[in-house]
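# Report on the structure
Now for the letters of each chain:
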Amino acid sequence: MTMLDTDRALVQAATAVAKLRCRSDNHTVAAAARTADGRVFTGVNVYHFTGGPCAEVVAIGAAATQGVGELEAIVAVGDRGRGVIPPCGRCRQVLLDYFPSIKVILGPMDALRPVPVRELLPETYVWADQQLDPSAIVRTGQWPMPTVPSSRPASED
């Protein structure tokens, strides 16, 4: 896919936030996400030894606070001139689950390209596909037991 001017502007927005706000070990990555109508939302990671949200997740949250339900592109940029960085595995999964058609901008600065998030997670786990059908729950409120071929009920032991 080819980079659009709006994609370049998104990289510039994330780069500006990284330069302005990523000045400590607590905030080392900035992200910028764009809606179809051109609104841009930014965020920075929040490092903590217990784990903290990545910049992409913070940008998603910033968009959600403004009522945004769909994002079309996202990019993350490292501090200290590290340039565009790819999303971690957790962020890839979050992006796919919330925005299955989002494009992630990747690559070196001289060869950036938007990539569909699905290409970043081949044969991925799709959370929505793995949810139990509510009608499968027995009226007793218990989850159905899986059936294993050649097994016998535990009560026969």
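To keep things clear, this report deals only with the structure shown in the data block. Bear in mind the structure is a predicted one, so any value in this text is a computation, not a measurement.

Strand E3 (residues 73-78) sits mainly inside the fold: six of its six residues count as buried. Side chains Ala73, Val75 and Val77 of E3 all project onto a buried face; the interleaved residues Ile74, Ala76 and Gly78 project onto the opposite face, where all are buried too. Where strand E1 (residues 29-34) and E3 come together, six bridges link them in antiparallel fashion. Counterpart to Ala33 in the pairing with E3 is Ile74.

We now examine helix H1 (residues 5-21). When the terminal C-alpha atoms of H1 are compared, their 24 Å separation across 17 residues agrees well with the 24 Å that a helix rising 1.5 Å per residue should span. Listed as buried for H1 are Asp7, Leu10, Val11, Ala14, Val17 and Ala18. When H1 is viewed along its axis, its buried side chains cluster within an angular range of 125° and face the same direction. Facing away from the buried side of H1 by over 90 degrees, the exposed positions are Asp5, Gln12 and Lys19.

Another aspect to go through is the pattern of salt bridges. One pass over the full model with this rule turns up six salt bridges. Asp7 is the salt-bridge partner of Arg34, the closest N and O atoms lying 3.0 Å from each other. Within this pair, whereas Arg34 is found in strand E1, its partner Asp7 is found in helix H1, the two being separated by 27 residues in sequence. Looking at Asp7, the relative accessible area reads 3%, which means it is buried. In this structure, Asp79 and Arg80 form a salt bridge, with 3.3 Å as the shortest nitrogen-oxygen distance.

Reading the values: rules and limits
- Residues numbered from 1 in each chain as written.
- Predicted model: local features only at pLDDT ≥ 70, side-chain atom pairs only at ≥ 80, totals over all residues.
- Heavy atoms only, no water.
- Buried < 20%, exposed > 50% of the residue type's maximum accessible area, 1.4 Å probe, protein only.
- Helix = DSSP H or I, 4+ residues; strand = E, 2+ residues; numbered from the N terminus.
- Pairing = 2+ DSSP bridges.
- Expected span 1.5 Å × (residues − 1).
- Arc of directions from axis to C-beta.
- Salt bridge = Lys/Arg side-chain N within 4 Å of Asp/Glu carboxyl O.

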